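Structural description and commentary
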Amino acid sequence: MTLISIQYLTDNPLLWVCLLVGSLIYLLLLIVGNPRRGPVLFSKDFVRPPQPLVTDHAARKKVLKQRFNATRVPENLDAVIIGSGIGALTTAVLLGREGKKVLVLEQHDKAGGCCHTFVEKGFEFDTGIHYVGEMGEGKDPRILIDQVTEGQVVWIPMDEAFDTENKWAFMGAMALKLIPESLAMFLVKTGIHGLIFPRYNKQRRTSVTEFLNSISENTELKAVLAYAFGDSGVPPSQMSILEYGIIINHYMGGAYYPLGGSSEIAFQMIPIIERYGGKVLVDCPVSEILIDDAGRAVGVRVHKSSGDTNIYAKCVISNAGVHNTFKYLLPKNVAAISAYYPLVEDVGSSISYISTFVGLNGSTKELGLKAGNTWAFHSIELQKMIEEYFALRVEEAADLDAPFCFISFPSAKDPSWEYRYPGKSAALLITLCPYEWFSAWEKQRCKHRGEDYVDLKERIGRQMWLQCQQVFPQLTGKMEYIEVGTPITNRHYLGYPKGEMYGLDHKLNRFSPEIFTKLRAKTDIPGLYLTGQDVVTGGFVSSLHSGVFTASAILNRNLLINLHFATKDIKTRRKIE
Ligand SMILES: Cc1cc2nc3c(=O)[nH]c(=O)nc-3n(C[C@H](O)[C@H](O)[C@H](O)COP(=O)(O)OP(=O)(O)OC[C@H]3O[C@@H](n4cnc5c(N)ncnc54)[C@H](O)[C@@H]3O)c2cc1C
Ligand SMILES: *[C@@H]1O[C@H](CO)[C@@H](O)[C@H](O)[C@H]1NC(C)=O
Ligand SMILES: *[C@@H]1O[C@H](CO)[C@@H](O)[C@H](O)[C@H]1NC(C)=O
């Protein structure tokens, strides 16, 4: 056996190179990360028994809606973070645990980014978290979220069982972000990376359509297999099988939802950040990243109608996405010479979407709702139906079936709902659409956009509601409230300039080794870091991990290695207990 292996190796000298480089990378990771010299972050298990759910709206507001006021800004800040999504909050907790003082600034009037919820006419709606995978006990991402929330967010398994072997291929992509950029680029340019990770290279180039065509001619089967393409906002012909594999893998072990709704995540993380001397303030749009004469990011400017405030910190972290950061927040001359600047166009923005929020008369039980998500497709020719819909003018599309309608009932997924909103239910319907359908109104103030706008969005919303009733006929006559969010609504509340769903796009080129290497937490502007979905890829768990990447870059230590060992330790400890 050994002889055969040696023979094989001498016949394939490239394998030697791979083995050598592989061992070097491993050694490097150990040195850079030094797991035993671990920082406070993962040095112990931070989980404590979950406290009772706080349902009082005023008490929640005190945490989630702390309005900006210059007097509330802590002094001697180590970091200021633009945006309060899960990437930002995770970074803030991790840096705080290392003794850093962090300020998080959110433009919306509540914290949480895609994790925020809102209450209207007695119904609560979530906005950007409908199901999260790998939240079962003992799963690595669950251990990470537990460490940054101190175990205070309770994850409830959903009803449905969810729908491989692409883990190694994905490692190929992640390796590019784990090692220093210059080394990653060297491995890519010399082709060594491709040799070590051939599966990654094949999968990232193969589209879902190509892959499905190669295994079947059955259109129906192919539609069923490609059903979750909406999770990345990319039609099957432009999505790599690498990314689709990641999504399917993610939900293999079932999906979970936070008890008390998705606002629990920020609600639990903010007090932790405050305990470490940090602060999370809302209603404070950052209009500019301040750059000193040496070209270093030294702070931000908050723009309010009452006046501007400059806030200085040792470093600036943007959770507002690459597009906002490099096109709008940095001074033009600084942004233009950054390697990130061309990425805004090269990768492009992800697709936009419409959300229809429906309040229903009746409890989960009365309405017979399930704690799952439903994808209702208008046709089985997924690619064609999307292309046809997107080619329409909005006036034409408004009275037609949307190509698909993603239907979810946050009320059915959250066991605390019945207690918080007795006798009621909430449905959230989502479909994709072009930003341009509504861009004409982008400059108008929210809720003051005129009749034409309201008429168009209400027609689309009604159509989606009809689609929903086709799947759930028991809901007919139960609608008590309906409101429609368009791409410019998304832009307003989430700050994404094209109302995009997942920040930068997730088409095939996002996963090319060059672009995947370049998109990282540490930018080429001194003192400026990124966090959030653009750093790894879209989705809650990826954005959660981006916080570890960002804290690593700032502390100049590979915390992913620490996390890896801490996760192992925690698992062992729990088994012993
Ligand atoms: C409709 C929808 C459904 C989704 N469903 C799921 C799902 O079911 N499961 C899943 O895993 N993922 C889902 N996702 C994706 C997931 O929610 C995101 O990938 C993730 O939460 C993004 O986190 P983030 O850290 O990048 O920041 P975000 O949550 O995007 O937050 C960025 C924050 O920055 C703020 N900001 C922007 N500009 C400024 C500025 N100039 N000044 C101050 N603040 C600013 C924004 O207001 C925003 O709050 C969904 C997303 C959407 C939109
Ligand atoms: C900011 O806080 C100070 C002190 O608490 C207060 O006097 C002032 O009115 C506040 N400003 C705003 C705009 O709320
Ligand atoms: C809700 O439904 C019940 C009957 O199931 C009805 O009595 C009540 O008036 C309805 N409430 C609203 C606000 O429509």
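Look up: the structure comes first, before these words.
Okay, so let's go over this structure.

Basis of the calculations
Residues numbered from 1 in each chain as written. Chains lettered and ligands numbered in written order. Predicted model: local features only at pLDDT ≥ 70, side-chain atom pairs only at ≥ 80, totals over all residues. Heavy atoms only, no water. Helix = DSSP H or I, 4+ residues; strand = E, 2+ residues; numbered from the N terminus. Contact = heavy atoms within 4.5 Å. Phe/Tyr/Trp six-rings, centres within 6.5 Å; stacked < 30°, edge-to-face > 60°. Buried < 20%, exposed > 50% of the residue type's maximum accessible area, 1.4 Å probe, protein only. Pairing = 2+ DSSP bridges. Salt bridge = Lys/Arg side-chain N within 4 Å of Asp/Glu carboxyl O. Axes fitted to C-alpha atoms, helices over the stretch in contact; angles between N-to-C directions. Parallel < 35°, antiparallel > 145°, perpendicular 65-115°, else oblique. Left-handed = near helix turned anticlockwise from the far one by under 90°. Nonpolar A, V, L, I, M, F, W, Y, C, P; charged D, E, K, R; others polar.

1. What to know about the environment of Ile 317
Along the chain, the position of Ile 317 falls in strand β11 (residues 307-318). The spacing of Ile 317 and Asn 562 is 245 residues in sequence and 22 Å in space, taken between C-alpha atoms. Contacts of Ile 317, omitting those with residues within four sequence positions, involve Ala 79, Val 80, Ile 81, Ile 82, Thr 91, Leu 95, Tyr 529, Leu 530, Thr 531, Thr 550 and Ile 554.

2. Considering the packing of aromatic side chains
Both the distance between ring centres and the angle between the ring planes are used here to describe each pair of aromatic rings. Taken as a whole and assessed by the stated rule, the structure comprises 22 aromatic pairs. With a centroid separation of 5.4 Å and 65° between ring planes, the pair formed by Phe 125 and Phe 357 is classed as edge-to-face. On the basis of relative accessibility, which here comes to 0%, the residue Phe 125 falls in the buried class. According to the relative accessible area criterion, Phe 357 is buried, its value standing at 8%.

3. Observations regarding the sheet that holds strand β7 (residues 255-258)
With respect to topology, three strands assemble into an open sheet ordered β5-β7-β6, the strand pairing being antiparallel. If you trace the sheet from one side to the other, it starts and ends with β5 (132-133) and β6 (155-157), each paired once. Examined bridge by bridge, β5 and β7 share two bridges and lie antiparallel to one another. In the strand pairing of β7, Val 132 is matched with Tyr 256.

4. Side note on the pattern of salt bridges
Any two side chains of opposite charge can pair, given that their charged atoms come close. Taken as a whole and assessed by the stated rule, the structure comprises 27 salt bridges. A salt bridge links Glu 396 to Arg 393; the nearest nitrogen and oxygen atoms lie 3.9 Å apart. Overall, the relative accessible area of 37% leaves Glu 396 in the partly exposed class. Here Asp 399 makes a salt bridge to Arg 459, at a shortest N to O gap of 2.9 Å. Separated by 60 residues along the polypeptide, Asp 399 in the loop between α19 (394-397) and β14 (404-408) and Arg 459 in helix α22 (residues 451-471) bring together distant segments of the chain. Accessibility expressed as a relative area gives 43% for Asp 399, which makes it partly exposed.

5. Focus: the environment of Lys 457
The residue Lys 457 is located in helix α22 in this model. A sequence separation of 19 residues divides Lys 457 from Phe 438, and the C-alpha atoms of the two residues are 9.1 Å apart. Beyond its immediate chain neighbours, meaning those up to four positions away, Lys 457 contacts Phe 438, Glu 483, Val 484 and Thr 486.

6. As for the sheet that holds strand β13 (residues 373-377)
Two strands in a sheet stick together by hydrogen bonds in their backbones, pointing the same way (parallel) or opposite ways (antiparallel). Across the sheet, five strands lie side by side as β13-β14-β15-β12-β16; this open sheet has antiparallel pairing. Each of the sheet's edge strands pairs with one partner strand only, and the pair in question is β13 and β16 (479-485). Taken over all neighbouring pairs, the strand axes of this sheet differ in orientation by 20° on average, direction set aside. Judged from the six bridges that link them, strand β12 (residues 352-361) and β16 form a sheet pairing that is antiparallel. Bridged to Gly 359 within β16 is Tyr 481. Where helix α18 (residues 382-391) meets the sheet, its contacts fall on β13, β14 and β15 (424-433), and the angle it forms with β15 comes to roughly 85°. In this fold α22 packs onto β12, β13, β14, β15 and β16, with an angle of close to 125° to the strand it touches most, β16.

7. So, the packing of helix α5 (residues 140-149) against helix α25 (residues 540-555)
With their axes 11 Å apart at the nearest point, α5 and α25 run at an angle of 60° to one another. On the basis of their axis angle, the class for α5 and α25 is oblique. Crossing angle aside, the handedness with which α5 passes α25 is left-handed. Counting all contacts with α5, which are made through Pro 141, Leu 144, Ile 145 and Val 148, the residues of α25 involved are Phe 540, Val 541, Leu 544, His 545 and Val 548. Its residues assigned to classes, the contact of α5 with α25 comprises eight nonpolar, one polar and no charged.

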